[in-house]
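Listed below, chain by chain, are the residues.
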Amino acid sequence: MKLVIRWTLFLLVVMAVVRPAQSDDTLAYFFGEAHCRACHDGTGAGRRCAIPDVPEHRDALAALQTDDAREITALSGVPEPPESSSICLGCHATGAEVGPRWWANSFHPAAGVQCEACHGAGSGHASQPKGGHLRRIDRSVCTTCHRALPSHDWVLHEGFRRAAADRRYRTPENLAVSPDGNKLYVACSQSDSVLAVNLATRQVVAEVAVGRRPQDVAISADGKRLFVTNRHSDTMSVIDTDRMQMIATVAVGDDPHGVLSDRAEKNLFVLNTGDDSISVIDLAALAEVRRLPAGRGPWSLTRTPVGTIAVTSVRPQPARFQQPHASELTLLDAATGRISARRAVPDANMLKGIASVDAGPHRGAVLFTLMRTKNLVPATRLLQGWVITNGLGVMWPSGQIDQVLLDDPVDGFADPNDVAVSPAGRHAIVTSGGSDRVAIIDVDALVALLEDTPAGARETILPNRLGVRGRFVRKLLPVGANPRGVVFAPDGREAYVANALDDSITVIDCGTWSVTDTIALADELMISELRRGARLFHSADITFGGQFSCQSCHPDGHINGLTIDIEADGVGLRPVDNRTLRGILDTAPFKWEGTNPSLARQCGPRLAVFFTRREPYTPEELQALVRYECTIERPPNRYHKREGLTPAQYRGKLVFERAFANDGRRLQRRERCITCHHGPYKTAQQRAIVRTTMWFDSWANLPLAGESMFDAKAYGDLGIFYFADTGVPAHDLDAPHLNNIYDSAPYLHNGAAATLEEIWTRYNYVEGHGYTRDLTRRQLNDLIAYLRTL
Amino acid sequence: MSQLRRKPRVTVLLARIAAVIIAFAPIPAAVAEQPHAIFRHWELFTARDGLAHDSVRALCVDRDRVWVGTDSGLIVSRSRKWVACKEAELARGDLPLMVSAIDIERNTGDVWFGTLGRGLYRYSASRLDRFDQLSSGLAGNVVYDIIAAGGVVTAATNGGVSVFELRAHTWSLCGERACNRVDQVVVDLLGQWDRGAVTAAVWLGGLSDIGFAQRDAPGGLVISQSDRLTIAADRLGKVTWWLTADRLRRSADGAAWEDYPLPFGSTRAVVACSPERALVVADHAFGVLVVGSPPAWVVYVNDAAPDASLDVHRDSVSTIPARFVRAALPPGRLRCAVIDGNEVWVGASGGLAHGCVDPDGLWRSADTRSTDRTATAPGKQPDAIRIGVLFAANPTIALPGVRPSPRRTIDLAAVQLAIDDANARADPRGSAYELVHNLHGYARYGWTLPEDDLATLAFGSDVLGIVTWIAPDDLHMAALAQRAETPIINAATNGPALPDCVTPWVFAIPDHRATRTAVAPDDGDFAARYRTRFRRNPEATALRSFRAAQHLLQAIEHAGADRERIGEHLRAADD
C-alpha cells in the first residue's frame, strides 16, 4: 500500500511539473484504463477485451515491493530497486518505458498491467477510434513477459537467497593516504562507502556513506578533503576528513572512475569511463567547467613532475576493422586544464593503473599497467600461451613508449590492476588481480633492461618477450584475493594494497619487501557462494600458465572492446564480438550462434575446451561462478531519464515498433525490429537469419585461398555487397538483448559495425536485419536515440 | 534567378575597363580619411612553403595560431611554420580531406572542421575523430559551415543542419532533405547558439531561423527572410552582415537593414570584422567595407591577375567610393579570408596570402619571401583522362508516406560510346579517356547523397568533368559544383534550368535534339551504332547521355586537361 501511495504522490508531482512541457502533440500518450472501459465494458460501442481482468495484472506493481522481487533484481544484475527499474516495470506496470512525460492526467500507473500495456498508448485511438492507432495483439504480445525467466524460477521456485554476508562485504577498490601518513582512506564499492583506517592501530575508525559504487579516492594536499567518484551515481562526493562527513556532491559524466587534482589544486579531473570524457572541476566553485574528450574508457591518472597529468584508457581506440589496435595515454596540461597531447600505445589494451616517477634518476618517467591481447590470431593459440599477456608500460618525457611483459612462460602475472611508485622513485609495486600477487619492480633495473635492448628490438621484440621479468622484478609477494589499488605511504616506508575480494588491506614493509600485516576491513565473514564465484571469475588459476582470468576479456563483467578470432581456421578469420556479461541471466541462449542454452553450459566444459586448456570447474565451482556472473550489475541507463522519453526518443520507439513502412506497406514480421527484439530485455531469445555474413565469417563457405574470397574483399566494404549480388549464405544468429547497448560497441556478431548507425547504414544492405531502407535520416537518428534508452 | 545569369561578354568587358580606370583614378578625399589601415605588405604561402596543398578553402585564427583548411587536410601554424595535422590519417583515407569549414571550441581547445565529402572531424590534441553520415547521425558528408560552442556542434550539410550535443551524445536534424521538396542549401551559420537558436544563411534563399523549439518539429527550418539571393552571411556580436547577389546588407537588430552596393561581382563570402567593418571575398578580389559617414570600400585586387578578370560594378563604385589597392594575392580564385587585427589572411585556389599593415607583421624577411606566383599544387599526373558519370538518383531520404524512387537517369553505355569515339579520334600516344562512375554499393543502397559521390569523383578520382542528371529544382548539386570547380554537364535538359543558371560550373546540353523523348530518325548514326554494340534500342536517356558526354569531351579536346580552361570553354560555348 505504501508503494502505491508513494507512486501516486510521485506521479502527481511529476505530472504537474512535466505534463505541460510535453512538446509533441502528434505522439500518443497513455490515457488510462478508465477511458478504455468507458467503451469496452461490454455495453458500450467497443468490444469487450477477451483477456479476463486477472488480479495478477492488477497486483503486478505491488509485487515489486516484496523481498522476492529484491532477490530477483539482485540475481538479474539490476542495480535499481525493483519498483524503479525499467526492466521490472516493463512487465509489472504500464507505460513505464515511455515515462510520466507521456501519461495523461487520467492515467494511473498504480493500476498495474492495464489495457495499454499490450495495446500501446491509447490517446490516438480515443480521439479516432477507427484510426487504427492501437497495436494489434496476438499471443506473441503475451509471451514478451510470460516466458521462462531463470531469475524468477531460482528465487520463487528454488528458493535462492543471497547470503547475509553478501550484504556486508565491502570490496575495497582504491586507496589514499593522508599527507601525514596517519590515515588510510579506502573506497569500497560494494558497501557504497569510504572507510578511514588508523594506520597506527590498524583499525577502521570511520565509515562515510557516499554514492553508488564508489571507485577511486583522492585527497587534497592539506589532507582536509577527500574526493570520491561514484560510478553508478555519476557523481563525485567531497568528504570533510576532520568530521568524516560528506559535504558536497558534484555531478560529472557517466561512470566516473579516476579522480585527481592538479598540484596547485585549481582543477580536479574526473575520468568518466562510460562516456569517454574527462570532467574538469573548478575546486573553488566545486562545479564542472569543461568536459574534454578522452581515450576510450579513461580509467586512472597521475600527476607528472613536468606539469602534466597522464590518463590511461582501458579500451583501445577505434581501428579499421581487423587491424591492429592501439590504446591512448592522454596528457592534460595541468595549468590550462586542457588536453596537451595523446600518445598511442600500440597493440595494448586495458591500460589501468598509472604512476609517475617523481624523484631519482628517472624522474619524469611514467609507469602504467597494460595487457596485450592478440585478438587477430586464433584464440586456440592460447594453448601456447602468449595470446593474452600482461605487462608494464613506460612513457618517457619525450613521449616515447616502452612495453615489457610481467609474465613468465608458465607463470602469468594476470590482470595487472594498479601501479605505485615509491617517493624516492627507485621501486614500484604492481598488483595482479588474477594471480593474487604484487610484483616489486626495481625501476633502475627496468630502465637498464630497456637501454640494453637495441632500438628496433625495444619496439618490436621486447613488448612480446616472455620471461624477462627476472631482470627487473625484485620479488613477487602473495597478497589477498584480487588485489586492486596500491599506494605508498608518504615516507615510503610502507605500501598498502587493497584486496578487493578479501575485504582487507595488505601492508608491505618497503625495507624488507615483505608483508607485515593485514588490516581487516570487515568482521570475519564466511565466504558466500557469490563471493566464491567472484573469486573464480577474477582468478587466473584455471587458465594455462595462469595468464588470464574471465575478467581479462570481461573487465567489470563487461567487454574489452575487441573482437576475438575464435577458431583455428586462420589468422583474422571468423572474429566474434565480445559480449557483455552484465545482467544476462534471463537472456539465454548464449554465444552468438545461440547454441548454449544456459550459462552453466557456456562456462563449463566449453570454456575448458576453447579457452582455459585446464581442467574444467567442479560442479560446485561452476554453480558459484554462474551465480556470480548473473549478479554482475548492469549500470543504470544514462539516457533513460526518470521523467520519460524525449519526443525524439519516443518517435524512435515508434520506428522500432512500426508495422508499416513509410510508403504504407505492411511490414512482414521478419522485417520488424520488434519481432526479434521485444520484452524487457528486447530479445526474443531465439536465433534469426539477419544476413550480415561477411567474407571472413567461416559459414560464408568461401574457399580460404580461392579467388572468391578475394573477389569479395575487393567488392566493397567488408565484402557485404558481394553477397548482395551473389546470395547471402543463410546462417542464424542469436538475437542479442539490447539493454545498455549504447556502451557495448562494436556491434553485430563479428564487431564490424563500429557504431549503432552502421548496423543499418553499412551492414543491412540486403534488408535481412529489418526493413530500414525507407527510413529518413531523422527517423534513423530517432531510432538510435531510443535504442540508447533501453 | 535571371539576375544571376551570366552577362554578355561585351558588358563584362566594359565593366572591367571601367574598373581599371577607376582603380587608377585619384582617391576621393572622403576615402583617404577613413580610419582604417591598408594592408600594403604581402607574402604568399603555397605547398612549397609547407602547406599541404595550394588550394585553401577555410581559415580560422585562434590566438597565435592560424588554422588553414586545404584540399589535403588541416594545417596549423606553429612558430610561424606550417605543420600538417595527422598526415597518416590523410594517407589512409579514400578521399582527400577537402577542409571546407573550421571552428574552434574555445572551452576545450578542440578544432572542429568540415569537409567536402568526408563529413565532420574533431581534431583534439593530435587525434582525429570522424563523424560521417554512415557512422554517426550527421545528415550529409558535404559540410558548408560549422559552429562549435557550449558543448554543441552545429554543422550545415548537404543533408540538412545537424546538431550534435556532445554530452548527451545525441544528433538532431533541422530542415531534413527530402526528395519531394525544394531543398534549402544552408551555407553559413551565424554566431553561436543563443538561447537555443541559430540563424542560417540559405544559398539563394535568405536568412532562416533555426531553433531548438522547432528542431523536433517536422519542418524544422523557418524562413524569415527569403527575398534576397543570399550568397553568404556572418555575424559578430549583434551585427549581422548579409551578402546577397548585388549588395551587402547590415543590421544591428535583425529588423532594419542598411544596404551597401558591392563594388564587384562573383562574390563568395563575407566576414564580419567588427560592427563597422566587413570583408567580402570575390573570385578575383576582396574588399573591406567600412561603415561611416560616408561609407567606403577598400578593394584589394590581385596585382598578377589581368585587369579584365575584375568584375567591377561601375554603378556601385559611383555610389560608394572605393579605393583599389593592388596586392600580392595568390593565383586562382579567392575563397576565404579572415582579419586578425592588423593582419589579413586570404585563401585561394592557388595558395594563401598574408597581408599586413606593418611590414614587421610579415612572417618572412624579404629575401626568403617567395615571389613565384605560379600554382604549385602537388598532384599526380593521371595516366588517363577521367570522365565521371554521376548517377544522381533521388536521395532515398524521403518524407514519411513518400516512397523513394531512385531513377536511372544516365545511360552508361551511351557515355561509353562517346568516350570510345573520342579515344578513336585521339592521338594514340596521348592519354586515353576513361569512364569513372559511382555505381558502388552505397549509392544503390541509399544512405549516401549524390553530392558525396560528386565529391568522390571530383576529388578522389580527379575527373576532368562529370556527366549527370540534376533535377530542375536541386540546388545542392550546383552548390557543391561551385565549390568543386569541376565542369558538370547536366543531361536533364538543354535549356537553362536553375542549377545551370546559379553557378558557372553546370552546363546544359547545347543540342536541342537531346530533349526529345525518343530517338529520332536523324539520330540514326548514334542509334545504329548503339544497337549494334549493345544489342538493344537506345532510349531518349541514352541519346541525352551521349550528347552530354560528347559536349564535355569536345570541350576537353579544345581546352586541354585543365578544369578551369574546360569551364571557360564551356562558358564561351554557352554565351
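The model shown is predicted, which means the values in this text are computed figures rather than measured ones.

**Quick word on the overall build of chain A**
Regarding its fold elements, chain A presents 22 helices and 32 strands. Over its C-alpha trace chain A gives a radius of gyration of 27 Å, about what one expects of a compact globule, namely 28 Å for 790 residues. A principal-axis box enclosing the C-alpha atoms of chain A has dimensions of 90 × 70 × 55 Å. Residue burial in chain A is summarised as follows: out of 790 residues, 63% are buried. For chain A, the proportion of contacts with a sequence separation of at least 24, taken over those separated by at least 6, is 58%. For chain A, the exposed surface amounts to about 30000 Å²; the carbon and sulfur share of it is 53%. For chain A, the distance from the average site of its 86 positive side-chain charges to the average site of its 90 negative ones is 3 Å.

**With respect to the overall build of chain B**
Along the backbone of chain B there are 13 helices and 34 strands. Looking at chain B as a whole, 59% of its 575 residues qualify as buried. Split by element, the accessible area of chain B, about 22000 Å² in all, is 50% carbon and sulfur.

**Digging into the sheet that holds strand β18 (residues 366-373) of chain A**
Residues and elements named next belong to chain A. Read across the open sheet, the four strands follow the order β17-β18-β19-β20; overall the sheet is antiparallel. On the outer flanks of this sheet lie β17 (354-356) and β20 (401-405), each paired with one strand and no other. Strand after strand, the sheet turns through a mean of 30 degrees between neighbouring axes, direction not considered. Judged from the five bridges that link them, strand β19 (residues 388-395) and β20 form a sheet pairing that is antiparallel. Note on β20: the bridge partner recorded for G391 is L405. The sheet strands contacting helix α10 (residues 443-452) are β18, β19 and β20, and the helix crosses β20 at an angle near 105 degrees.

**Topic: the confidence of the model for chain A**
All names here are of chain A. Mean pLDDT over chain A: 88, with 90% of residues reaching 70 or higher. Averaged pLDDT values over the elements of chain A bottom out at 47 in helix α1 (residues 2-18) and peak at 98 in strand β22 (residues 427-432). Within the model, pLDDT remains below 50 along residues 9-23, and this stretch shows 23 contacts once partners closer than five positions in the same chain are excluded.

**Details of the packing of helix α12 (residues 540-559) of chain B against helix α13 (residues 563-574) of chain B**
All names here are of chain B. Here α12 crosses α13 at 115 degrees, and the two axes come no closer than 9 Å. Crossing geometry of α12 relative to α13 is assigned as right-handed. Of the residues in α13, those touching α12 at H551, L552, A555, I556, H558 and A559 are R565, I566, H569 and L570.

**Some details on unusual backbone geometry**
Residue and element names in this part refer to chain A. Here the bond from A588 into P589 is cis, since omega is 5 degrees, no more than 30 degrees from zero. Here P589 shows up in the loop between β30 (575-577) and α14 (599-603). Here the residue pair A745 and P746 is connected by a cis peptide bond, since its omega of 5 degrees sits within 30 degrees of zero. Mapped onto the secondary structure, P746 falls in the loop between β32 (732-734) and α21 (756-761). Unlike most non-glycine residues, D556 shows phi in positive territory, near 60 degrees. Within the fold, D556 resides in the loop between α13 (550-553) and β29 (563-565). Judged by relative accessible area, which is 30%, D556 ranks as partly exposed.

**What to know about the packing of helix α17 (residues 647-657) of chain A against helix α22 (residues 777-787) of chain A**
Residue and element names in this part refer to chain A. Contact geometry for α17 and α22: axes closest at 7 Å, N-to-C directions at 100 degrees. The pairing of α17 with α22 is recorded here as roughly perpendicular in orientation. Mapping the contact onto sequence places A648, Q649, R651, G652, K653, V655 and F656 in α17 and Q779, D782, L783, A785, Y786 and L787 in α22. Considered class by class, the residues forming the contact of α17 with α22 number seven nonpolar, three polar and three charged.

**Focus: the pairing of strand β25 (residues 296-302) of chain B**
Residues and elements named next belong to chain B. A large share of β25 lies buried, amounting to seven of its seven residues. By the alternation rule, side chains of β25 split into A296, V298, Y300 and N302 and W297, V299 and V301, which are all buried. Sheet topology note: the strand β24 (residues 285-290)/β25 ladder contains six bridges and is antiparallel. Each bridged residue has a counterpart across the sheet, and for V290 the counterpart in β25 is A296. Following β24, the chain reverses through five residues before pairing antiparallel with β25. Alignment of β25 against strand β26 (residues 322-327), held across six bridges, turns out to be parallel. Bridge pairing links V299 to F324 in β26.

**Regarding the sheet that holds strand β26 (residues 494-499) of chain A**
Residues and elements named next belong to chain A. Taken in spatial order, the four strands of this open sheet run β25-β26-β27-β28, and their pairing is antiparallel. Of all strands in the sheet, those bounded by a partner on one side alone are β25 (483-488) and β28 (514-520). Between one strand axis and the next, the sheet turns through 25 degrees on average, direction left out of account. Across six bridges, the pairing between β26 and strand β27 (residues 504-509) is antiparallel. Paired with A498 across the strands is I505, a residue of β27.

**Let's talk about the pattern of salt bridges**
The tally for this structure, following the rule as stated, stands at 68 salt bridges over all chains. The closest approach of N and O atoms between D452 of chain A and R471 of chain A, which form a salt bridge, is 3.1 Å. In this pair, D452 of chain A is assigned in helix α10 and R471 of chain A in the loop between α11 (455-460) and β24 (473-478), connecting sequence segments 19 residues apart. Given a relative accessible area of 44%, R471 of chain A falls into the partly exposed group. One connected set of salt bridges, linked through shared partners, spans R268, D283, R333, R335, E485, E564 and R571 of chain B.

**Topic: the nonpolar core**
With 60 residues, the main nonpolar core has W203, W241, L248, W297 and L454 of chain B as its most contacted residues. Among residues more than four places away in sequence, those in contact with W203 of chain B are V185, V187, T230, I231, L475, A478, A479 and V502 of chain B.

**So, the pairing of β22 of chain A**
All names here are of chain A. Across the six residues that make up β22, a large majority, six, are buried. Alternating positions in β22 separate into two faces, H427, I429 and T431 on one and A428, V430 and S432 on the other, with burial throughout. Bridge analysis of strand β21 (residues 416-421) against β22 gives four bridges, and the strand direction is antiparallel. In the strand pairing of β22, V421 is matched with A428.

**Quick notes on the state of the cysteines**
Residues and elements named next belong to chain A. Summed over the entire model, instances satisfying the criterion amount to one disulfide over all chains. Disulfide pairing is shown between C91 and C145; the S-S distance is 2.0 Å. The S-S bond linking C91 to C145 shows a torsion near -95 degrees; that makes this disulfide left-handed. Of this pair, C91 sits in helix α5 (residues 86-92) while C145 sits in the loop between α8 (139-143) and α9 (150-157), and the two are 54 residues apart along the sequence. Note on C142: no disulfide assigned, nearest cysteine sulfur contributed by C118 at a separation of 5.8 Å. Given the relative accessible area of 30%, C142 is considered partly exposed.

**Description of the side chain of S277 of chain A**
Residue and element names in this part refer to chain A. With respect to the element layout, S277 can be found in strand β11 (residues 277-282). Engagement of the side chain of S277 in a polar contact is seen with the side chain of D275, the distance being 2.6 Å. Setting aside residues no more than four positions away along its own chain, S277 makes contact with V270, L271, N272, R291, L292, A294 and P298.

**Regarding the side chain of R469 of chain A**
Examined against the element boundaries, R469 of chain A turns out to sit in the loop between α11 and β24. Ignoring anything within four residues of it in the chain, the contact list for R469 of chain A reads L405, L406, D407, D408, D411, F413, R437 and L476 of chain A.

Rules and cut-offs
Residues numbered from 1 in each chain as written. Chains lettered and ligands numbered in written order. Predicted model: local features only at pLDDT ≥ 70, side-chain atom pairs only at ≥ 80, totals over all residues. Heavy atoms only, no water. Helix = DSSP H or I, 4+ residues; strand = E, 2+ residues; numbered from the N terminus. Rg over C-alpha atoms; globule rule 2.2 N^0.38 Å. Buried < 20%, exposed > 50% of the residue type's maximum accessible area, 1.4 Å probe, protein only. Contact = heavy atoms within 4.5 Å. Areas by Shrake-Rupley, 256 points an atom, 1.4 Å probe, with all protein chains shown as cover. Lys, Arg positive; Asp, Glu negative; His and termini not counted. Charge placed at Lys NZ, Arg CZ, Asp CG, Glu CD. Pairing = 2+ DSSP bridges. Axes fitted to C-alpha atoms, helices over the stretch in contact; angles between N-to-C directions. pLDDT = per-residue confidence, 0-100. Left-handed = near helix turned anticlockwise from the far one by under 90°. Parallel < 35°, antiparallel > 145°, perpendicular 65-115°, else oblique. Nonpolar A, V, L, I, M, F, W, Y, C, P; charged D, E, K, R; others polar. Salt bridge = Lys/Arg side-chain N within 4 Å of Asp/Glu carboxyl O. Core = buried A, V, L, I, M, F, W, Y, C linked by side-chain atoms within 4.5 Å. Disulfide = S-S within 2.5 Å. Polar contact = N/O pair within 3.5 Å; in protein donor to acceptor, adjacent residues only side chain to side chain.

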